[in-house]
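# Chains, contacts and geometry: an overview
Listed below are the residues making up each chain.
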Amino acid sequence: MAFDKVYQYNFPTTIRFGPGAIKELPAYLQQNNLKAPLIVTDPNIAQLTFFKTIVGDLQHKNISAEVFQEIHKNPVKSDVYKGTDSWDNTNRDCIIGIGGGAALDVARAIVLRIHHREDLFKYDDLVGGDVYVTNEVPHFITIPTTAGTGSEVGRSAIISDDDTHQKKILFSPKLIAKIVFADPVLTMDLPPFITAATGMDALTHNMEAFLAKNPHPICDGIALEGIALIKDSLEAATNRPDLESRSKMLIASMMGAIAFQKGLGVVHSLAHPLSSLLDTHHGLANAVNIPYGMRYNISGFEDKFRRIARTLELKEETGEAVVNYLFELNARVNIPHRLRDIQVKEEHIEKLADLAFADFAHPNNPKPVSRDDFKNLYAAAL
Ligand SMILES: NC(=O)c1ccc[n+]([C@@H]2O[C@H](COP(=O)([O-])OP(=O)(O)OC[C@H]3O[C@@H](n4cnc5c(N)ncnc54)[C@H](O)[C@@H]3O)[C@@H](O)[C@H]2O)c1
Ligand SMILES: [Fe+2]
């Protein structure tokens, strides 16, 4: 695969992928007669040079962007309401999300809210709220700046309750971006820790999707190729980044999000409570838990693990070899092996197990996970 130009993929939406793709944004807006975008990002990205260049390039073409950046690390409902106020007060005609999963999720939730003004969590997919997503949505464009969640190609936004910190999922096929500008150059300066944590999130998506219980050979094929791309590139992208490793990670992260339409599993259910309770970064929470969660899944699914081991080109084609690979990969990209290294304490385990058991991801795990299983998994990882 050569990463020397911009390619177009139309699956699951139009993706302009390659170095320089971002330069096409002003012309795309002009062609679509869009002159007043609301850009949704986070306060950190808003300070970065590439972000200022994007806004400057738009201004140069007489496109005046309003930037909304007041979002939390783990986004909450009030972030979405404030962003909607920004739309209401400034007469906008489209929404551009620029950032990692956090900014893209808030952007997508604002897209929903523009013409759906009931309480945001009425639309929570977990209680069947997707049926209320009936009105049109504004023109939505996504621009990823991390290679992890793949939220840029997703149809859902994860937003937490401000008070309870419970995560809600807003979902509708209407929420998919009309176009994605996926430019690996924007990810070149991601710091090593964020590269590693977000990259392990992408690996978790691909692995959990491959193992998820519903039959879906299309997603399985994408997931295995996603795993292969991450095997080739995560360590390099973290420790000695170049365009090739950044490109492979960016496409693999989108593949993970495409594949996990099939479902996720036990690792994401272990991870989500760490973010809601302790504000742990989503990717880091997955990274620390993935070897333990995968070990839990081996028995009964040896064939599937054999296929993962083969994809990873491991000497031994077994589940234990996959688990060892995950511990070693974490070590190579400086992710700790134990939950105690990321501020988890023994007294957290009961609450974490309650939240993990209530989480939406594990019903798609290849085998059932009980509350006691979650307790044991946290204890093993502590
Ligand atoms: N919608 C989905 O399908 C989905 C799936 C998984 C996770 N999520 C959500 O995504 C969020 C996590 O997203 P994430 O892992 O991308 O992290 P993030 O969006 O929180 O970004 C991590 C950090 O990296 C910084 N950053 C981003 N791009 C950068 C760049 N190019 N250079 C330097 N710094 C940069 C950000 O400012 C932030 O501080 C969580 O809120 C999680 O719930 C959503
Ligand atoms: Fe994830």
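Now for a quick tour of the structure. Everything numeric in this text was worked out from a predicted model, so none of it was measured.

### What to know about unusual backbone geometry
With omega at 0°, the peptide bond leading from Phe 11 into Pro 12 counts as cis. Positionally, Pro 12 belongs in the loop between strand E1 (7-9) and strand E2 (14-17). In this structure, Asn 91 is a non-glycine residue whose phi angle is positive, near 60°. Structurally, the position occupied by Asn 91 is in the loop between helix H3 (77-90) and strand E5 (94-99). The backbone phi angle of Asn 334 is positive, close to 65°, even though this residue is not glycine. Position of Asn 334 relative to the elements: it lies in the loop between helix H11 (319-332) and helix H12 (349-358).

### Comments concerning the site of ligand 1
Inspection of the region around ligand 1 gives 26 residues, with Asp 42, Asn 44, Gly 101, Thr 145 and Thr 146 positioned closest. Taking 870 Å² as the accessible area of ligand 1 by itself, protein coverage stands at 92%. Counting only elements with at least two residues in the shell around ligand 1, the list comes to helix H4 (101-114), strand E7 (156-160) and helix H5 (192-211). Grouping the amino acids of the shell around ligand 1 by side-chain chemistry returns eleven nonpolar, twelve polar and three charged.

### Description of H11
With 14 residues, H11 extends 20 Å between its outermost C-alpha atoms, agreeing within 8% with the 20 Å of an ideal straight helix rising 1.5 Å per residue. Among all positions of H11, only Gly 319, Ala 321, Val 322, Val 323, Tyr 325, Leu 326, Phe 327, Leu 329 and Asn 330 are buried. Lining the buried residues of H11 we find H5, helix H6 (217-239), helix H9 (282-297) and helix H10 (302-311). Asn 334 sits one or two residues past H11 and shows a positive phi near 65°.

### A look at the nonpolar core
One broad rule of soluble globular proteins: the nonpolar side chains tend to lie buried together. Counting 100 residues, the largest nonpolar core has Ile 95, Ile 110, Ile 159, Met 207, Met 294, Val 322 and Leu 339 as its most contacted members. Other than its neighbours up to four places away in sequence, Met 294 contacts Met 207, Glu 208, Leu 211, Val 267, Phe 305, Val 323 and Leu 326. Formed by 21 residues, the second largest nonpolar core is a distinct cluster that contains Ile 45, Ala 46, Ile 98 and Phe 181.

Thresholds applied
- Residues numbered from 1 in each chain as written.
- Chains lettered and ligands numbered in written order.
- Predicted model: local features only at pLDDT ≥ 70, side-chain atom pairs only at ≥ 80, totals over all residues.
- Heavy atoms only, no water.
- Helix = DSSP H or I, 4+ residues; strand = E, 2+ residues; numbered from the N terminus.
- Near = heavy atom within 4 Å.
- Areas by Shrake-Rupley, 256 points an atom, 1.4 Å probe, with all protein chains shown as cover.
- Nonpolar A, V, L, I, M, F, W, Y, C, P; charged D, E, K, R; others polar.
- Expected span 1.5 Å × (residues − 1).
- Buried < 20%, exposed > 50% of the residue type's maximum accessible area, 1.4 Å probe, protein only.
- Contact = heavy atoms within 4.5 Å.
- Core = buried A, V, L, I, M, F, W, Y, C linked by side-chain atoms within 4.5 Å.

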